[in-house]
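Close look at the chain arrangement
Residue strings, one per chain:
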Amino acid sequence: MTVVGRLCRECGAVGEAADGVERCPDCGSPRLVRHPELASLAIAHIDCDAFYASVEKRDNPTLRDRPLIIGGGDRGVVSAACYIARIYGVRSAMPMYKARRLCPEAVVLPPDMEKYQTVGEQVRQAMLATTPLVEPLSIDEAFLDLNGTERLHHGCPARTLALLALRIEQEIGVTVSIGLSYNKFLAKVASDLDKPRGFAAIGRGEAEAFLAPRPVSLIWGVGKVLQRRLARDGISTIGQLRELTEVELAGRYGSIGQRLACFSRGDDDRKVDPNGPTKSVSAETTFEADLTSATELAAILWPLCERVAARLRDASLAGRGVVLKLKTADFQIITRRHALADPTQLAELLYQTALPMLAREADGRRFRLIGIGATDLGDAQAADPADLLGPESGHAREVERAIEAVRQRLGADAIRLGRGLPPARPGRTRPT
């Protein structure tokens, strides 16, 4: 008789369970997790299940058993889809027209980002009450390091995580899936194995065998371009990567070769970093009708620059790089970058930097989306030195701060510069 580690996800009871035991001996629940290394794994990835859709179903119980899509319009993309809608093939980032065709009976709601941010922060605080080592990845997911928390929570990390999932579900009203392992890469992989309301573990003893048949796309950083390159070299599975040495992989694929070698063996020495830097701050908009005119595009670009600048100030960050993003009518994504001499929080500088890049791309092609981002982020203390925009730089800062103060008191539409007014020819936009 094989004895393995056992965890009940309903009552948190842990112990040893013999093969064939289907229910928790303490509470009778069938929601058991079994793994031989369950008591020793402490790195977790927690991901809320279909987060936006789950929040909307929580707030409107009549939607509970109906397919729900968060998005809007016919030209935008799906922000989130509940698991019922996913049965029909609807997926995040899918064009809305395709999602509506796959699931015509779906309820479609526009995203309410302010509400989602509020709920996401509640989930984050629940995580932080469990361990201070929480590394956010997005509004609804994070890595957690629970090493050393056994005495505090009177149990192993697996038990603590199960009770955390119950607390989030009962107190906040959304469900999460948990991946547990000995490093971040495998914890992230595990969290996708048992959605929704999942709990999966990957231990050291099984890592290489588990990874061997999986596609190389499972490795963080392996996008479509690298997948095609690997495929040309006869490599489609992670196990095939292990047939090459780290030196050979680095020689073929450059700096990512080392990551391929390490991850293929289940090795990942990245720490859970609660102070990990935000890599970029951005905003984008999808148009209801394609646009070609640089003037119209620039009018839409300006409020996006204001939005990015406000987010930078709220986060006490400044960007040294500016990225312009465009998507053509045939879904080709174009990105153009420019490095600044000094970091900025000013919408004006983001705008003036992006305009020449926009002018070069606005050559008569039809565009369906425009976006702006600040990258290479750092502390706000170095932002916008006095001579950055010449003698008017101080005035620019004061104007933007004054506009922001008015909007905080009276609303986002209380005051706008002329360049932020709608273009003369209809070019309605819908935020994505």
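Our structure is the block above this text.
These numbers come from a predicted model, not from an experiment. (Residues numbered from 1 in each chain as written. Predicted model: local features only at pLDDT ≥ 70, side-chain atom pairs only at ≥ 80, totals over all residues. Heavy atoms only, no water.)

**So, the sheet that holds strand E8 (residues 134–138)**
- If you walk across this open sheet you meet the 5 strands as E8-E9-E4-E10-E11, and the pairing is mixed. The open sheet has two edge strands, E8 and strand E11 (199–201), and neither has a second partner. Averaged over neighbouring strand pairs, the angle between their axes works out to 15° when direction is ignored.
- Judged from the 4 bridges that link them, E8 and strand E9 (residues 141–145) form a sheet pairing that is antiparallel. Residue pairing across strands places Pro136 opposite Ala142, the latter belonging to E9.
- Along the sheet face, helix H6 (residues 157–172) touches strand E4 (43–48), E9, strand E10 (176–181) and E11 and points at about 170° away from the line of E10.
- Contacting E4, E8, E9, E10 and E11, helix H7 (residues 184–191) runs over the sheet at an angle of about 145° to E10. (Pairing = 2+ DSSP bridges. Helix = DSSP H or I, 4+ residues; strand = E, 2+ residues; numbered from the N terminus. Axes fitted to C-alpha atoms, helices over the stretch in contact; angles between N-to-C directions. Contact = heavy atoms within 4.5 Å.)

**Quick look at the packing of helix H1 (residues 51–59) against helix H4 (residues 113–128)**
- In contact at an axis separation of 10 Å, H1 and H4 are set at 95° when each is read in the N-to-C sense. When the interaxial angle is binned, H1 and H4 end up roughly perpendicular. Residues Phe51, Tyr52, Val55, Glu56, Arg58 and Asp59 of H1 form the contact with H4, whose participating residues are Met113, Lys115, Tyr116, Val119, Gly120 and Gln122.
- Along the lines of polarity and charge, the residues of the contact of H1 with H4 split into 6 nonpolar, 2 polar and 4 charged. (Parallel < 35°, antiparallel > 145°, perpendicular 65-115°, else oblique. Nonpolar A, V, L, I, M, F, W, Y, C, P; charged D, E, K, R; others polar.)

**Details of the pairing of strand E13 (residues 317–328)**
- Within E13, 10 of the 12 residues are buried, leaving the element largely enclosed by the surrounding structure.
- Bridge count for E13 against strand E14 (residues 333–344) is 8 bridges, and the pairing is antiparallel. Among the inter-strand pairings, Leu326 is bridged to a residue of E14, identified as Ile334.
- Counting the residues between successive antiparallel strands, the hairpin from E13 to E14 contains 4 residues, one of them, Phe331, with a positive phi of roughly 70°. (Buried < 20%, exposed > 50% of the residue type's maximum accessible area, 1.4 Å probe, protein only.)

**Quick word on the nonpolar core**
- Leu144, Leu180, Phe199, Leu230 and Leu260 are the most contacted members of the largest nonpolar core, which totals 77 residues.
- In terms of residue count, the dominant contributor to this core is H6 (7 residues).
- Not counting residues within four places of it along the chain, the set of residues in contact with Phe199 comprises Leu7, Arg9, Val33, Ala158, Leu161, Ala162, Ile178, Leu180 and Asp194.
- With 34 residues, the next largest nonpolar core counts Ala283, Ala309, Ala354 and Ile372 among its residues. (Core = buried A, V, L, I, M, F, W, Y, C linked by side-chain atoms within 4.5 Å.)

**So, the sheet that holds strand E5 (residues 68–70)**
- An order of E6-E5-E7 is seen for the 3 strands of this open sheet, with the pairing classed as mixed. Every interior strand has two partners, whereas the edge strands, strand E6 (80–81) and strand E7 (107–109), have only one.
- Looking at chain direction, E5 and E6 are connected through 2 bridges and run antiparallel. Its bridge partner being in E6, Ile70 is matched across the sheet by Ala80.
- In this fold H1 packs onto E5, E6 and E7, with an angle of close to 120° to the strand it touches most, E5.

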